[in-house]
Amino acid sequence: MSQKMAVETFGLTKRFKTALAVDSINLQVPAGAICGFLGKNGAGKTTTIKMLTGLKRPTSGEFAIMGKKEQFGKGIGTVGYLPDVPGFYGYMTGFEFLMLCAKLAKVPDNQQKSHVEGLLKQVGLFGVKTKTSGYSRGMRQRLGIAQALINNPSVVFLDEPISALDPMGRRDVMEIIGELKGTTVVFSTHILSDVENICDYIIIIEKGKIMEQDTLEGLKARYLISDTQIEFYNDKDCADFITRVQQKADMDIAKLDPMRISVKSQKMDDVEISKLVSTTIADLAIPFKSFGVQAPTLDDIFYEVTK
Amino acid sequence: MGTFLTFAGKEFTEIMRTKRLLVLFIVFMIFAFTGPMLARYLMEFIGLLMPAEEMAVMMDMMGEIGGETTFHDSYALYYEFVTQMGIFATMLMFMGIVLDEKRRGTASLMMMKGVKHSTFVLAKFAVVAIAMFVVVVASSLVVHFYTYILFEEVVPFADMLFGSLAFWLFVLFFASISIFFSTVAKTIVMSAVSSIVTFFVFYIIGLISGLNDYLPSVMYPRAVELTLGHQSDLLIWNILITIAAITVLLGSSIHILKKKEL
């Protein structure tokens, strides 16, 4: 049975006067996924998100949210949205702003206050009496997330929710996003380490084109090559090892410094490489200082895809 | 209707908390007091500043051109002041009414919550209309009662009220120009300059006799005429033309906002 898609695009394109910002993309985000939407600055992330929230008119192509085709300029009730720079009415408190949002989003009258208070607790702003004009960036992002969730949306788009935050603020916001399991979350960022911790689905966009979209495991399986690193006690042992191991198998060996090397292979996995390295060291009877397999990261995939 | 009232409630809170309504109220009230006061004491003020012989010459001249100031001048002076500075202040207060929300990003958040483009523009206009109704009628009442205190004579209450309603329509026309340019413009400076230039264009056209009779800006002289008990044959047409102009400006604002990417 095919998986239900929360977000789908069909040749979605956005052309500005002289630039093609989004180039006929066909992306699919499974329902319930927490999707990291990755790309360099100017790759087309914000433009794509604005089209998917109905705020920017696509030049061509279509998109569907929870299986329903949507259009530019029409309110999409099933969607929540946090802009990259969220703006609020500075003369209101966070509570007042969320109450306004709750009324507009048609939350039943008798549930509005409790719903708003629940969201404020969820984002850590409950009891804050300050007007939003006095909010820090982190507080603004948290209030922005709360307003995006006010209508209990099926899909939430968060545009760069962590990029401008300090490490503490980033951690808080990532925790909030991580707790949204069950709701489909699409959030754009270029801070890859954070994405790796909470995302189960990844889309990589580069120069307006979708370069990759898959589960994190799927991407790792396809892209990541084991990086085994060995450190010797002297240059000669290192050189002997390289010569011997290259006689045994076709491997990419890079010298990280005179006594330390990195061994990679397109054809062998971690275990096979470890066996080969250990037997070669035993054959040569040379000592080594350290031996280990470097854990692959999303950064590696991102650089590989966008290089 | 629920969304409209909720959003209008937000707008009302905004003009109250940002003190825009208070500023306009104070501006109109200053003229509501200075109009009658100047009408009553203008000659005395000039007398204090002018040598006695020159004053006597001036009094002779005043006699030749129609005599002393009367309670009618009290209303006329008030309208003269608010037509320029009052309208100018109104346009300044509302020149960012749509643009601010677009720039701040709140417009997109509100639209995402189900506020339609038409609701967005019309709720703003409705609140401006109600606020300016209160400001214009309240300041007209002050003019009326202050005139009575100073001259012991006033125009009929109904004439004063009809006059202020005609002037309210005049204010709404310029408020809708502000809303229009606030929707069209990309920067606050563009919005301000466009609104002010339009104001002066209408002001200059108003000086050309005949042409002004068929423009919304004629509602200012019509307001004065109504207050002083005169009624132009063209009044109904003037009202209809002004309402039509406001409708076109608001309709265009909604249409443009719908086409705009937020």
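Coordinates for the structure precede this section.
Scope of this entry: the structure provided in the associated data block.

1. Regarding the overall build of chain A
- Per the secondary structure count, chain A includes ten helices and 15 strands.
- The C-alpha atoms of chain A give a radius of gyration of 24 Å, which is well past the 19 Å a tight globule of 307 residues would have.
- By principal-axis analysis of the C-alpha atoms, chain A measures approximately 80 × 45 × 40 Å.
- Within chain A, contacts between residues at least 6 apart in sequence are counted, and of these 66% link residues at least 24 apart.
- Carbon and sulfur atoms make up 50% of the accessible area of chain A, which totals about 14,100 Å².
- Taking the 38 positively charged and 36 negatively charged side chains of chain A as two groups, their mean positions are separated by 9 Å.

2. Topic: helix α10 (residues 219-227) of chain B
Residues and elements named next belong to chain B.
- With seven of its nine residues buried, α10 lies for the most part within the structure.
- By the burial criterion, the buried members of α10 are M219, Y220, R222, A223, V224, L226 and T227.
- Along its buried surface, α10 packs onto α4 (71-94), α8 (157-184) and α11 (235-259).
- Phi for G229, located one or two positions after α10, is positive at around 90 degrees.

3. Brief notes about the pattern of salt bridges
- A complete count under the given rule lists 23 salt bridges over all chains for this structure.
- A salt bridge links K14 of chain A to E261 of chain B; the shortest N-O distance between them is 2.5 Å. With K14 of chain A in strand β1 (residues 5-15) and E261 of chain B in the segment after α11, this residue pair bridges two chains.
- Exposure remark for K14 of chain A: the relative accessible area of 6% places this residue in the buried category.
- Of the charged contacts in the structure, one is a salt bridge between E206 of chain A and K40 of chain A, with a shortest N-O distance of 3.4 Å. Here E206 of chain A, found in strand β10 (residues 201-206), pairs with K40 of chain A, found in the loop between β4 (34-38) and α1 (45-52); they are 166 residues apart in sequence, far enough to count as distant.

4. Focus on the interface of chain B and chain A
- At the interface, 24 residues of chain B touch 30 residues of chain A.
- Carbon and sulfur atoms make up 60% of the surface buried where chain B meets chain A, a total of about 2,300 Å² over both sides.
- It is M112, K113 and E261 of chain B in chain B that bury the most area against chain A; as a group they hold 32% of the surface buried on that side.
- Where chain B touches chain A, the interface holds three salt bridges.
- Notably, a salt bridge pairs E261 of chain B with K56 of chain A, separated by 3.5 Å at the nearest N-O pair.

5. Some points on the packing of aromatic side chains
All names here are of chain B.
- On inspection of all chains with the given rule, the structure shows 21 aromatic pairs over all chains.
- Both rings, one in F170 and one in Y220, keep their centres 6.2 Å apart while their planes meet at 45 degrees; by these two values the pair is tilted. In this pair, F170 is assigned in helix α8 and Y220 in helix α10, connecting sequence segments 50 residues apart. As far as burial versus exposure is concerned, F170 and Y220 are alike and both buried.
- Between F174 and F199, the aromatic rings sit 5.5 Å apart at their centres with planes inclined by 70 degrees, giving edge-to-face as the arrangement. Pair noted here: F174 is in helix α8 and F199 is in helix α9 (residues 188-207), with a separation of 25 residues, a long-range link. Across the pair, F199 and F174 agree in class, each one buried.
- Put simply, the rings of Y78, Y79, F88, F167, F170, F173, F174, F199, F200, F202 and Y220 pair up and form one aromatic cluster.

6. Thoughts on α1 of chain A
- Counting buried positions along α1 of chain A yields seven of eight residues, so the element is predominantly enclosed.
- Taken residue by residue, α1 of chain A has K45, T47, T48, I49, K50, M51 and L52 of chain A as its buried positions.

Calculation notes
Residues numbered from 1 in each chain as written. Chains lettered and ligands numbered in written order. Predicted model: local features only at pLDDT ≥ 70, side-chain atom pairs only at ≥ 80, totals over all residues. Heavy atoms only, no water. Helix = DSSP H or I, 4+ residues; strand = E, 2+ residues; numbered from the N terminus. Rg over C-alpha atoms; globule rule 2.2 N^0.38 Å. Contact = heavy atoms within 4.5 Å. Areas by Shrake-Rupley, 256 points an atom, 1.4 Å probe, with all protein chains shown as cover. Lys, Arg positive; Asp, Glu negative; His and termini not counted. Charge placed at Lys NZ, Arg CZ, Asp CG, Glu CD. Buried < 20%, exposed > 50% of the residue type's maximum accessible area, 1.4 Å probe, protein only. Salt bridge = Lys/Arg side-chain N within 4 Å of Asp/Glu carboxyl O. Buried area = accessible area lost by both parts, 1.4 Å probe. Phe/Tyr/Trp six-rings, centres within 6.5 Å; stacked < 30°, edge-to-face > 60°.

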